[in-house]
Amino acid sequence: MGSVRDADVFEKYEKLDRMNMQSALLTAHLAANYLGEHGFLCFTGAAKVFEGPVNWAFAYGMTKQTTHSLVLHLAEKTDIPQSSSVCCILPNTIDTKANRDSMPNED
């Protein structure tokens, strides 16, 4: 959670970039080089971020928005086989300890 004003915004962004975007980018890179015909790629986005800005979670929103952009690029199928499928699930909140700790009032 946090804002662009936070003193640790770069640290938060770098951590979430490694977790969210770099793992998606690695998946995309591997798919572009090794995905076979009729292959299937599935990424995890975020419903709230897909719907618009999440000012209460700046770094998270930035990295998930970048993931969404990557998925939309792959869906054009210029870098993966035309017969392959790409999807992005958009959960509201995934039930993890980190999410429960940082968002205790979310359902």
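For the structure itself, consult the block above.
Worth saying up front: this structure is predicted, and the values here are computed from it rather than measured.

## Details of the nonpolar core
Part 1 of the argument: Counting residues in each nonpolar core, the largest one holds 10 residues, listed as Met21, Ala24, Ala28, Ala31, Leu41, Phe43, Leu70, Val71, Leu74 and Ile80.
Part 2 of the argument: Those elements giving two or more residues to this core turn out to be helix 1 (9-34), strand 1 (40-44) and helix 3 (58-75).
Part 3 of the argument: Counting residues per element, this core draws most heavily on helix 1, at four residues.
Part 4 of the argument: In contact with Leu70, other than residues within four places in its own chain, are Met21, Ala24, Leu25, Ala28 and Phe43.

## A few points about the pattern of salt bridges
Part 1 of the argument: As enumerated under the stated definition, the model contains two salt bridges in all.
Part 2 of the argument: In this structure, the salt-bridge partner of Asp6 is Lys12, at a minimum N-O distance of 2.9 Å.
Part 3 of the argument: A relative accessible area of 26% places Lys12 in the partly exposed class.
Part 4 of the argument: Here Lys12 and Asp8 are joined by a salt bridge, their closest N and O atoms 3.5 Å apart.
Part 5 of the argument: Classification of Asp8 as partly exposed rests on a relative accessible area of 33%.
Part 6 of the argument: Via salt bridges that share partners, Asp6, Asp8 and Lys12 belong to a single interconnected network.

## Observations concerning the environment of His73
Part 1 of the argument: Tracing the chain through its elements places His73 in helix 3.
Part 2 of the argument: The class for His73 is partly exposed, based on a relative accessible area of 38%.
Part 3 of the argument: In this structure, the C-alpha to C-alpha distance between His73 and Asn55, residues 18 residues apart in sequence, is 25 Å.

## Digging into the state of the cysteines
Part 1 of the argument: Per the counting criterion, the structure on display carries zero disulfides.
Part 2 of the argument: There is no disulfide at Cys87, and the cysteine sulfur nearest it, in Cys42, is 3.2 Å away.
Part 3 of the argument: Overall, the relative accessible area of 24% leaves Cys87 in the partly exposed class.
Part 4 of the argument: Cys88 takes part in no disulfide bond, and the closest cysteine sulfur, belonging to Cys87, lies 7.2 Å away.
Part 5 of the argument: Exposure remark for Cys88: the relative accessible area of 22% places this residue in the partly exposed category.

Rules of the game
Residues numbered from 1 in each chain as written. Predicted model: local features only at pLDDT ≥ 70, side-chain atom pairs only at ≥ 80, totals over all residues. Heavy atoms only, no water. Core = buried A, V, L, I, M, F, W, Y, C linked by side-chain atoms within 4.5 Å. Buried < 20%, exposed > 50% of the residue type's maximum accessible area, 1.4 Å probe, protein only. Helix = DSSP H or I, 4+ residues; strand = E, 2+ residues; numbered from the N terminus. Contact = heavy atoms within 4.5 Å. Salt bridge = Lys/Arg side-chain N within 4 Å of Asp/Glu carboxyl O. Disulfide = S-S within 2.5 Å.

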